[in-house]
Amino acid sequence: QVQLVESGGGLVQAGGSLRLSCAASGNIFSVNAMAWYRQAPGKQRELVAAITSGGSTNYADSVKGRFTISRDNAKNMVYLQMNSLKPEDTAVYYCNAQVVTPLYYRKLEVWGQGTLVTVSS
């Protein structure tokens, strides 16, 4: 079994910063792409940022220049540094990972439980 555990959410004023962390643990052979998604109240879940195992990244247009995704492959962790936060960034942020397990090299898509980010104006 594989788990993703996020941390780092909270309440911040507009213009402030937060750093989200996500740790993958369990029966893992390797972790391929990792990503952050978010879901605001009444809206669909959307991709915020993604990073491959080689470090290539892509971002939603709405966060380019403000958010930075990074990862530590040795620790199976992914981070999201969020700067210049805006009220419209308020959402539950979910970690996502494409994991390969040792058993038959089975590929799994795993989600974290989510962490709430609230940006006040």
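Heads up: the structure comes first, above all this text.
Each chain has its residues counted from 1, following the order in which its sequence is written. Local features are withheld for residues below a pLDDT of 70 in this predicted model, meaning they are given only at 70 or higher, and side-chain atom pairs are given and counted only at 80 or more; totals for whole chains, interfaces and linings count all residues. Hydrogens and water are ignored here; the side-chain numbers use all heavy atoms of the structure.

1. A short note on the packing of aromatic side chains
Here is step 1: Pairing of aromatic side chains here covers Phe, Tyr and the six-membered ring of Trp, requires ring centres within 6.5 Å, and sorts the geometry by plane angle: under 30 degrees stacked, over 60 edge-to-face, intermediate tilted. Evaluated as defined, the whole model comprises two aromatic pairs.
Here is step 2: Any Lys NZ or Arg CZ that is within 6 Å of a ring centre and within 35 degrees of that ring's normal is treated as a charge sitting over the ring. A cation over an aromatic ring shows up here: Arg 19 above the ring of Tyr 79, its NZ or CZ 4.1 Å from the ring centre.

2. Topic: the pairing of strand S3 (residues 18-26)
Here is step 1: Across six bridges, the pairing between strand S1 (residues 2-7) and S3 is antiparallel. Residue pairing for S3: Gln 3 is matched across the bridge by Ser 25.
Here is step 2: Note: S3 against strand S8 (residues 77-82), six bridges, orientation antiparallel. Note that in S8 the partner of Ala 23 across the bridge is Met 77. The pairing criterion is simple: DSSP has to find at least two bridges between the two strands. Numbered from the N terminus, helices here are DSSP runs of H or I no shorter than four residues, and strands are runs of E no shorter than two.

3. Notes on the sheet that holds S8
Here is step 1: The sheet built from four strands is open, its strands ordered S1-S3-S8-S7 with antiparallel pairing. Only two strands of the sheet have a single neighbouring strand rather than two, namely S1 and strand S7 (67-72). Pairs of neighbouring strands in the sheet enclose a mean axial angle of 15 degrees, with direction left out of account. To get an axis, fit a line to the C-alpha atoms, keeping to the stretch in contact for a helix; angles then go from 0 to 180 degrees between the N-to-C directions.

4. Looking at the environment of Ser 120
Here is step 1: Along the polypeptide, Ser 120 turns up in strand S11 (residues 115-120).
Here is step 2: For Ser 120, the contacting residues outside a window of four places in its chain are Leu 11, Val 12, Gln 13 and Ala 14. Any pair of residues with heavy atoms lying within 4.5 Å of one another is described as a contacting pair.

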